[in-house]
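A closer look at the structure
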Amino acid sequence: MSEPTREEFVTRMRFAEAWASAEWEIKYDQPQRVRETARAWVGMIELMVMGSSEGYAHAFNTPYQPPRTSVLPAAPEINLSEMGFSVTYLPNGSPFRFSQDHVAQVMNLFEGLKISRVPAEQYTRETTFPEDCVLVTWNEQGVLFHDPKYATPFNVFLLSPDGKERETSRITTRIFAAFPTEEAATLWVKTRAGELKAEHDRRHAQQCRDKVCARRGHTWQPPSD
């Protein structure tokens, strides 16, 4: 392999420096700025089961993995990502762009929304929301079995910081709720996840007849592979 020229070497170093700077901003600077300017806090609970939170709590054939949880601050103009989801805060009047396939879903979010075309983007539409809200989007969980007869799922939640739960299930089940403070979001996550796990564990322990599982205390064991 030939040695790089001076210009090539300097270019590579500059690229590496720019990449490191961007990575530092994402990992450290953005989270700090969001915490300092947060308008709401979003609690997330992930259940390793398809279907619903009720299905998780009532299942008893095998011990289920404990819920995964996270609490994220939401601030304007900065996206934070966790557990495959992106969270940001949209103040009143913020623009929101989406696929033309999702016009009907967007119209259902608020009454009287005005939707317009985006110049030079044939399949993109834009609107503005009439009130403050927390935007939660996800991209990592696609459709398991794509059928062109059905529209692509609308991957957006709009939350008010009122503690009201929203739930979605694709490959796993996720529960969201937004709160005005970090303390309230953390308490909800801890309490709600604990209730779900306790209900599932109780039902499983009552009906499990597996002696090996009983010797383990009916606790979930991670796969060995």
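The sections below set out a description of the structure shown in this document. (Residues numbered from 1 in each chain as written. Predicted model: local features only at pLDDT ≥ 70, side-chain atom pairs only at ≥ 80, totals over all residues. Heavy atoms only, no water.)

1. Considering the overall build of the protein
- A tally of regular secondary structure across the protein gives five helices and eleven strands.
- Relative to a compact globule of 225 residues, whose C-alpha radius of gyration would be 17 Å, the protein shows 22 Å and is clearly more extended.
- A separation of at least 24 residues holds for 62% of the contacts in the protein among residues at least 6 apart in sequence.
- Between the centroid of the 26 positive side chains of the protein and the centroid of its 30 negative side chains there is a distance of 6 Å. (Helix = DSSP H or I, 4+ residues; strand = E, 2+ residues; numbered from the N terminus. Rg over C-alpha atoms; globule rule 2.2 N^0.38 Å. Contact = heavy atoms within 4.5 Å. Lys, Arg positive; Asp, Glu negative; His and termini not counted. Charge placed at Lys NZ, Arg CZ, Asp CG, Glu CD.)

2. Overview of the sheet that holds strand β7 (residues 121–128)
- Spatial ordering of the open sheet is given by β5-β7-β6, a layout of three strands whose pairing is antiparallel. Lying at the two open borders of the sheet, with one neighbouring strand each, are β5 (95–99) and β6 (116–118). Each adjacent strand pair in this sheet contributes to an overall mean axis angle of 45 degrees, direction not counted.
- Across three bridges, β6 lies against β7 in antiparallel orientation. In the sheet register, S116 faces β7, and the bridge partner there is E126. (Pairing = 2+ DSSP bridges. Axes fitted to C-alpha atoms, helices over the stretch in contact; angles between N-to-C directions.)

3. Focus: helix α4 (residues 182–207)
- In this model, α4 (26 residues) spans 38 Å end to end at C-alpha, consistent with the 38 Å of a helix rising 1.5 Å per residue.
- For α4, the set of buried residues is A185, W188, V189, R192, A193, L196, H200 and H204.
- Of the surrounding elements, those touching the buried residues of α4 are β1 (40–47), α2 (53–58), β2 (68–74), β11 (173–179) and α5 (211–215). (Expected span 1.5 Å × (residues − 1). Buried < 20%, exposed > 50% of the residue type's maximum accessible area, 1.4 Å probe, protein only.)

4. As for the sheet that holds strand β3 (residues 80–82)
- Strands sit in the order β3-β4-β8-β9 across an open sheet of four strands; the sheet is antiparallel. Edge positions in the sheet fall to β3 and β9 (156–159), since each has one partner strand and no second. Each neighbouring strand pair of the sheet contributes to a mean axis angle of 25 degrees, computed without reference to strand direction.
- Bridge count for β3 against strand β4 (residues 85–90) is three bridges, and the pairing is antiparallel. Counted as the bridge partner of S81 is S86 from β4.

5. A few points about the environment of N108
- Relative to the elements of secondary structure, N108 occurs in the loop between α3 (103–107) and β6.
- In this structure the C-alpha to C-alpha distance between N108 and T172, which are 64 residues apart in sequence, comes to 25 Å.

6. Some words on the pairing of β11
- The buried count for β11 comes to seven of seven residues, which makes it a mostly enclosed element.
- Because side chains alternate across β11, one face comprises the buried residues T173, I175, A177 and F179, and the other comprises R174, F176 and A178, equally buried.
- Pairing between β1 and β11: seven bridges, direction antiparallel. Note on β11: the bridge partner recorded for L47 is T173.
- As paired strands, strand β10 (residues 166–169) and β11 are joined by four bridges and run antiparallel to one another.

Coordinates in, geometry out; function isn't part of it.
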